[in-house]
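# Observations on the three-dimensional arrangement
Here is what each chain is made of, one letter per residue.
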Amino acid sequence: MDRFFGVALLAAVIYFVGQILLVAVPVSGTGNLQRAIYLLFFIVNLPAFPFRLLFRSASPEVSLAVACFGWGALFYLGGVLRRRLSARRLTSA
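The structure displayed is predicted, hence computed values, not measured ones.

## What about the environment of Leu 33?
Counting through the fold element by element, Leu 33 comes out in helix H2 (residues 32-45). Residue classification places Leu 33 among the partly exposed residues on the basis of a relative accessible area of 36%. For the pair Leu 33 and Leu 21, spaced 12 residues apart in the sequence, the C-alpha separation amounts to 9.0 Å.

Encoded structure:
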């Protein structure tokens, strides 16, 4: 469970650092930094896409929380699957 909350916290920190950069760094509308920041926001919010489809009236803050916990869940499940597959390889060899 520590990995779950660690990744969720890391996703939130990355989002807020991107938010600070977007406000603090003056870039034009076609700047590469601004494109990278928008891509970062898209990637961070990607796990919340099904939630946004189901609850269209949800606030952006709730969507961000769901996205961060979604990244935590994805990494946690990835770790579980990796351990299970490595255990299966060890027992079948």
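## Some remarks on the packing of H2 against helix H4 (residues 60-92)
Running from amino to carboxyl end, H2 crosses H4 at an angle of 70 degrees, the nearest separation of the two axes being 8 Å. By the angle class used here, H2 and H4 are roughly perpendicular. Contacts between H2 and H4 pair Ile 43, Val 44 and Asn 45 from the former with Leu 64, Ala 67 and Trp 71 from the latter. Partitioning the contact of H2 with H4 into residue classes produces 5 nonpolar, 1 polar and no charged.

## Re the packing of aromatic side chains
The full count for this structure, using the stated rule, is 5 aromatic pairs. Relative to Phe 16, the ring of Tyr 15 lies with its centre 5.5 Å away and its plane at 85 degrees, an arrangement referred to as edge-to-face. Plain terms: the ring middles of Trp 71 and Phe 75 are 6.2 Å apart, the flat faces sit at 50 degrees to each other, and that makes the pair tilted. Here Trp 71 pairs with Phe 75, and both are found in helix H4, just 4 residues apart, close to one helical turn. Aromatic ring contacts, followed pair by pair, group Tyr 15, Phe 16 and Phe 41 into a single cluster.

## Thoughts on the nonpolar core
Core analysis: the biggest nonpolar cluster contains 9 residues, these being Ala 8, Ala 11, Ala 12, Tyr 15, Ile 37, Phe 41, Val 44, Leu 64 and Cys 68. Of all the secondary-structure elements, those providing two or more residues to this core are helix H1 (2-24), H2 and H4. In terms of residues, this core owes the most to one element, H1, which gives 4 residues. If we skip the residues at most four places from it in the chain, Ala 11 touches Val 44, Cys 68 and Trp 71.

Quick notes on the rules
Residues numbered from 1 in each chain as written. Predicted model: local features only at pLDDT ≥ 70, side-chain atom pairs only at ≥ 80, totals over all residues. Heavy atoms only, no water. Helix = DSSP H or I, 4+ residues; strand = E, 2+ residues; numbered from the N terminus. Buried < 20%, exposed > 50% of the residue type's maximum accessible area, 1.4 Å probe, protein only. Axes fitted to C-alpha atoms, helices over the stretch in contact; angles between N-to-C directions. Parallel < 35°, antiparallel > 145°, perpendicular 65-115°, else oblique. Contact = heavy atoms within 4.5 Å. Nonpolar A, V, L, I, M, F, W, Y, C, P; charged D, E, K, R; others polar. Phe/Tyr/Trp six-rings, centres within 6.5 Å; stacked < 30°, edge-to-face > 60°. Core = buried A, V, L, I, M, F, W, Y, C linked by side-chain atoms within 4.5 Å.

None of the figures reported here should be taken as evidence of function without further support.
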